[in-house]
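Observations on the model geometry
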Amino acid sequence: GAGVSQSPRYKVAKRGQDVALRCDPISGHVSLFWYQQALGQGPEFLTYFQNEAQLDKSGLPSDRFFAERPEGSVSTLKIQRTQQEDSAVYLCASSLDPGADTEAFFGQGTRLTVV
Amino acid sequence: QKEVEQDPGPLSVPEGAIVSLNCTYSNSAFQYFMWYRQYSRKGPELLMYTYSSGNKEDGRFTAQVDKSSKYISLFIRDSQPSDSATYLCAIPPPQLSFGAGTTVTVRA
């Protein structure tokens, strides 16, 4: 596809359930980012990959959050033992290179609701 | 303190009005400044970016940076209903630090 693809678009999880969110970046994009966007707020940085290397995970809110990008393309964000405060839209973005002036392209997001 | 703070809004303006959106940032070392537009239930998309101080125009949109006061602005001239969206200021790199976003509604 031409853009960043995220799946599922919507996910309802019972509190305590584990979830896995998938991101297919634009082919050839080196950098991949995950963001969390709460209702009415701007996206908050979670983690950053350059190829398969996770260079920054400082934004992950707890050790229940884990992200991987094993082959430098598709990435998965996993949340263990989901809590109500995890309800948000999770956005994935990719960019061609790590340069500061490089445009990041966003997927449509996965809306996670924890009940 | 967040790296970038944005006037929260929301803003509702009549069609044809000028929309003014503002952010402040904390780190004087920042060089690049971006504005993203986010339509409802979509991901953000890059609208404009500027480097250093001054103005940059792109059609009806003007981005302005004042590094002395650490202030960035976006102006939309002759606003259209299709401009109704949330506008986010953002600072790289490489990960983006976003403002909270300002939701703009342009009334026909």
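To keep things clear, this report deals only with the structure shown in the data block. Everything quoted here is computed from the prediction, not taken from an experiment. (Residues numbered from 1 in each chain as written. Chains lettered and ligands numbered in written order. Predicted model: local features only at pLDDT ≥ 70, side-chain atom pairs only at ≥ 80, totals over all residues. Heavy atoms only, no water.)

A short note on the overall build of chain B
As a reminder, the rule being used: Secondary structure is summarised from DSSP: a helix means a run of H or I of at least four residues, a strand means a run of E of at least two, and numbering begins at the N terminus for each. Both definitions apply: the radius of gyration is a C-alpha atom measure, and the globule rule equals 2.2 Å times residues to the power 0.38.
In terms of helices and strands, chain B carries 0 helices and 11 strands. Reading the helices (α) and strands (β) of chain B from amino to carboxyl end gives β-β-β-β-β-β-β-β-β-β-β. Relative to the compact-globule value of 13 Å for 108 residues, chain B shows a C-alpha radius of gyration of 13 Å, a close match. Once the C-alpha set of chain B is aligned to its principal axes, its extents read approximately 40 × 30 × 20 Å.

Examining the sheet that holds strand β3 (residues 19–25) of chain B
By definition, the strands of a sheet pair up through backbone hydrogen bonds, in either a parallel or an antiparallel sense. Residues and elements named next belong to chain B. Just so we agree on the cut-off: Strand pairing is assigned whenever DSSP identifies at least 2 bridges connecting the two strands. Axis geometry follows a simple rule: fit a line to the C-alpha atoms, using only the stretch in contact for helices, then measure angles between N-to-C directions, giving values from 0 to 180 degrees.
Strand order in this open sheet of 5 strands is β1-β3-β8-β7-β6, and the pairing throughout is antiparallel. Unpaired on one side and paired on the other, β1 (4–6) and β6 (54–58) mark the two borders of the sheet. Between one strand axis and the next, the sheet turns through 20° on average, direction left out of account. In this structure, strand β7 (residues 61–66) lies alongside strand β8 (residues 71–76), joined through 6 bridges in antiparallel fashion.

Some thoughts on the packing of aromatic side chains
All names here are of chain B. Put simply, the rule is: Between 30 and 60 degrees the pair is tilted, below 30 it is stacked and above 60 it is edge-to-face, where a pair is any two Phe, Tyr or Trp rings, Trp via its six-membered ring, whose centres lie within 6.5 Å. Exposure categories follow from relative accessible area, calculated using a 1.4 Å probe and restricted to protein chains: below 20% of the type maximum is buried, above 50% is exposed, and the middle band is partly exposed. To sit over a ring, a charge needs its Lys NZ or Arg CZ within 6 Å of the ring centre and within 35 degrees of the ring normal.
If you walk through the whole model with that rule in mind, you get 13 aromatic pairs over all chains. Both rings, one in Y36 and one in F98, keep their centres 5.7 Å apart while their planes meet at 70°; by these two values the pair is edge-to-face. Placement of Y36 in strand β4 (residues 32–38) and of F98 in strand β10 (residues 97–98) is noted, with a sequence separation of 62 residues between them. Like F98, Y36 is buried. Seen from the ring of Y49, K56 lies directly overhead, with NZ or CZ sitting 4.5 Å from the centre.

Quick notes on the pairing of β3(B)
Residue and element names in this part refer to chain B. With respect to burial, β3 is a largely interior element, 5 of its 7 residues being buried. Pairing of β1 with β3 involves 3 bridges; the strand directions are antiparallel. Paired with Q6 across the strands is C23, a residue of β3. Relative to β8, β3 runs antiparallel, the two being bridged by 6 bridges. Paired with L21 across the strands is L74, a residue of β8.

Describing the state of the cysteines
Here is the idea: a disulfide is a covalent bond, and it sits between the sulfur atoms of two cysteines. Residue and element names in this part refer to chain B. Counted only if it meets this: Counting rule for disulfides: a pair of cysteine sulfur atoms within 2.5 Å.
With the rule as written, the count across this model stands at 2 disulfides over all chains. Covalent S-S linkage joins C23 and C89, the inter-sulfur distance amounting to 1.9 Å. With the S-S dihedral at roughly -95°, the linkage between C23 and C89 falls on the left-handed side. With C23 in strand β3 and C89 in strand β9 (residues 85–91), this residue pair connects regions lying 66 residues apart in the sequence. With respect to burial, C23 and C89 carry one shared label: buried.

Section: the side chain of A:Q36
This is how it is decided: By definition in these notes, contact holds between two residues if any of their heavy atoms fall within 4.5 Å.
Relative to the helices and strands, A:Q36 resides in strand β4 (residues 31–37). For A:Q36, the residues in contact, after removing those within four places along its chain, are A:G42, A:P43, A:E44, A:L46, A:F65, A:D86, A:A88, A:V89 and A:Y90.

Observations regarding the interface of chain A and chain B
How we decide: By buried area we mean how much accessible surface two parts lose on assembly, using a 1.4 Å probe and totalling the loss over both. When a carboxyl oxygen of Asp or Glu lies within 4 Å of a side-chain nitrogen of Lys or Arg, that pair is called a salt bridge. Under this definition, polar contacts are N or O atom pairs within 3.5 Å; protein pairs additionally need one hydrogen-donor-capable and one acceptor-capable atom, and for neighbouring residues in sequence, both atoms have to be side-chain atoms. The residue classification treats Ala, Val, Leu, Ile, Met, Phe, Trp, Tyr, Cys and Pro as nonpolar and Asp, Glu, Lys and Arg as charged. All others, Gly included, are polar.
Between chain A and chain B, the residue contacts involve 24 residues of the former and 20 residues of the latter. Both faces considered, chain A and chain B share a buried interface measuring about 1,700 Å² in area, 54% of it formed by carbon and sulfur atoms. Applying the counting criterion to the chain A and chain B interface returns 0 salt bridges. Linking chain A with chain B are 6 residue pairs in polar contact (both at pLDDT 80 or more). Mapped onto the side of chain A that touches chain B, the elements with two or more residues apiece are β4 and β5 (44–50) of chain A. Here the side of chain A that touches chain B is built from residues that sort into 11 nonpolar, 7 polar and 6 charged.

Comments concerning the pattern of salt bridges
All names here are of chain A. In the structure shown here, the tally under the stated rule is 6 salt bridges over all chains. The residue D86 makes a salt bridge to R64 at a minimum N-O spacing of 2.8 Å. Linking D86 in the loop between β8 (75–79) and β9 (88–95) with R64 in the loop between β6 (53–56) and β7 (65–68), this pair joins segments that are 22 residues apart in sequence. Residue D86 shares its accessibility class with R64, and that shared class is buried.

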